[in-house]
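Below, each chain spelled out in residue letters.
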Amino acid sequence: MTRYWQDIQPGEQFETGQLSISKQDILEFAAEFDPQPYHLDSDAAADSIFGGLCASGWQVAALMMRLLTDSLHRQALPIAGISAVPVMRWKMPVFADDTLSARVTVTGREETSRLSGSGSLDLDVVVFNQHSKAVIELSARLLVAIEETAHAG
């Protein structure tokens with residue numbers, strides 16, 4: 001059953017699935033998008049503030065988006081997009097063979113425009129590694145379809 005903007009209330013929380021990241025994933029992403037030594041070279045990474053080869057923060061953000069999108073689809077929410085990410089903090093590095101999952105909390109909602117057919121949901125997202133340590137935290141504004149029958153007539 002499809003859930004619409006008006007079906008979601010602040011305080012609602014859900015958990016995402018899990019994703020694992022491999023050394024090869026880290027190297028390939030870094031080579032194309034974030035060629036920093038601590039993402040590309042194990043020796044250089046060992047001497048860095050991270051202490052080992054780690055994923056780019058942007059790769060972790062992309063993995064978070066995959067977790068979030070898959071979870072929202074399982075929630076049967078008709079997503080129109082994300083309009084803002086006002087806060088994003090990387091808390092600790094993600095290393096090869098880490099497994100990530102996230103907790104999503106709805107913190108607010110606002111009807112953006114009946115003409116647009118969507119409302120916004122404010123979300124807090126915390127991504128954890130397999131040791132239940134937060135690796136990234138962010139706030140996002142998600143646009144979700146308003147059920148047409150709710151505003152018809």
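Structure's up top.
Residues numbered from 1 in each chain as written. Predicted model: local features only at pLDDT ≥ 70, side-chain atom pairs only at ≥ 80, totals over all residues. Heavy atoms only, no water.

1. Concerning the overall build of the chain
Logical step 1: Within the chain, the secondary structure is distributed over five helices and five strands.
Logical step 2: If you list the helices and strands of the chain from N to C, you get β-α-α-α-α-β-β-β-β-α.
Logical step 3: Its C-alpha atoms put the chain at 65 × 25 × 25 Å along the principal axes.
Logical step 4: For the chain, long-range pairs separated by at least 24 residues make up 70% of all intrachain contacts whose partners lie at least 6 apart in sequence.
Logical step 5: In the form shown here, the chain has an accessible surface area of approximately 8300 Å², with 50% of it arising from carbon and sulfur atoms.
Logical step 6: The positive charge centre, built from 11 side chains, and the negative charge centre, built from 20, are 7 Å apart in the chain. (Helix = DSSP H or I, 4+ residues; strand = E, 2+ residues; numbered from the N terminus. Contact = heavy atoms within 4.5 Å. Areas by Shrake-Rupley, 256 points an atom, 1.4 Å probe, with all protein chains shown as cover. Lys, Arg positive; Asp, Glu negative; His and termini not counted. Charge placed at Lys NZ, Arg CZ, Asp CG, Glu CD.)

2. Here's the deal with unusual backbone geometry
Logical step 1: Not every positive phi belongs to a glycine, and Asp97 is a case in point at roughly 75°.
Logical step 2: Mapped onto the fold, Asp97 is located in the loop between strand 2 (79-90) and strand 3 (99-113).
Logical step 3: For Asp97, a relative accessible area of 62% puts it in the exposed group.
Logical step 4: One non-glycine residue with positive phi stands out, namely Ser132, at about 60°.
Logical step 5: Within the secondary structure, Ser132 is located in the loop between strand 4 (118-128) and strand 5 (134-145).
Logical step 6: Taking the relative accessible area as the measure of exposure, Ser132 reaches 58% and is therefore exposed. (Buried < 20%, exposed > 50% of the residue type's maximum accessible area, 1.4 Å probe, protein only.)

3. Topic: the side chain of Gln59
Logical step 1: The residue Gln59 is located in helix 4 (residues 57-74) in this model.
Logical step 2: Look at Gln59 and you get buried, because its relative accessible area is 6%.
Logical step 3: For Gln59, the residues in contact, after removing those within four places along its chain, are Ile21, Asp25, Ile26 and Phe29.

4. Here's the deal with the pattern of salt bridges
Logical step 1: A full pass over the atoms with the stated rule returns four salt bridges.
Logical step 2: Among the salt bridges present, the one from Arg3 reaches Glu12, with a minimum N-O distance of 2.8 Å.
Logical step 3: With a closest N to O distance of 3.9 Å, Glu137 and Lys91 form a salt bridge. With a gap of 46 residues between them, Glu137 in strand 5 and Lys91 in the loop between strand 2 and strand 3 connect regions that are remote in the sequence.
Logical step 4: Overall, the relative accessible area of 27% leaves Glu137 in the partly exposed class.
Logical step 5: Accessibility expressed as a relative area gives 45% for Lys91, which makes it partly exposed. (Salt bridge = Lys/Arg side-chain N within 4 Å of Asp/Glu carboxyl O.)

5. Let's talk about the side chain of Thr105
Logical step 1: Positionally, Thr105 belongs in strand 3.
Logical step 2: A polar contact of 2.9 Å, which involves the side chain of Thr105, links it to the side chain of Gln13.
Logical step 3: Beyond its immediate chain neighbours, meaning those up to four positions away, Thr105 contacts Glu12, Gln13, Asp122, Leu123 and Asp124. (Polar contact = N/O pair within 3.5 Å; in protein donor to acceptor, adjacent residues only side chain to side chain.)

6. Comments concerning the packing of aromatic side chains
Logical step 1: Enumeration over the complete set of coordinates arrives at three aromatic pairs.
Logical step 2: Their ring planes at 45° and their centres at 5.0 Å tell us that Phe29 and Phe33 sit as a pair that is tilted. Taken together, the positions of Phe29 and Phe33, both in helix 1 (residues 23-33) and four residues apart, correspond to about one turn of that helix.
Logical step 3: Note on Phe33: relative accessible area 54%, which makes it exposed.
Logical step 4: Above the face of the Trp5 ring, Arg109 is positioned so that its terminal group lies 3.9 Å from the ring centre. (Phe/Tyr/Trp six-rings, centres within 6.5 Å; stacked < 30°, edge-to-face > 60°. Lys NZ or Arg CZ within 6 Å of the ring centre and 35° of its normal.)

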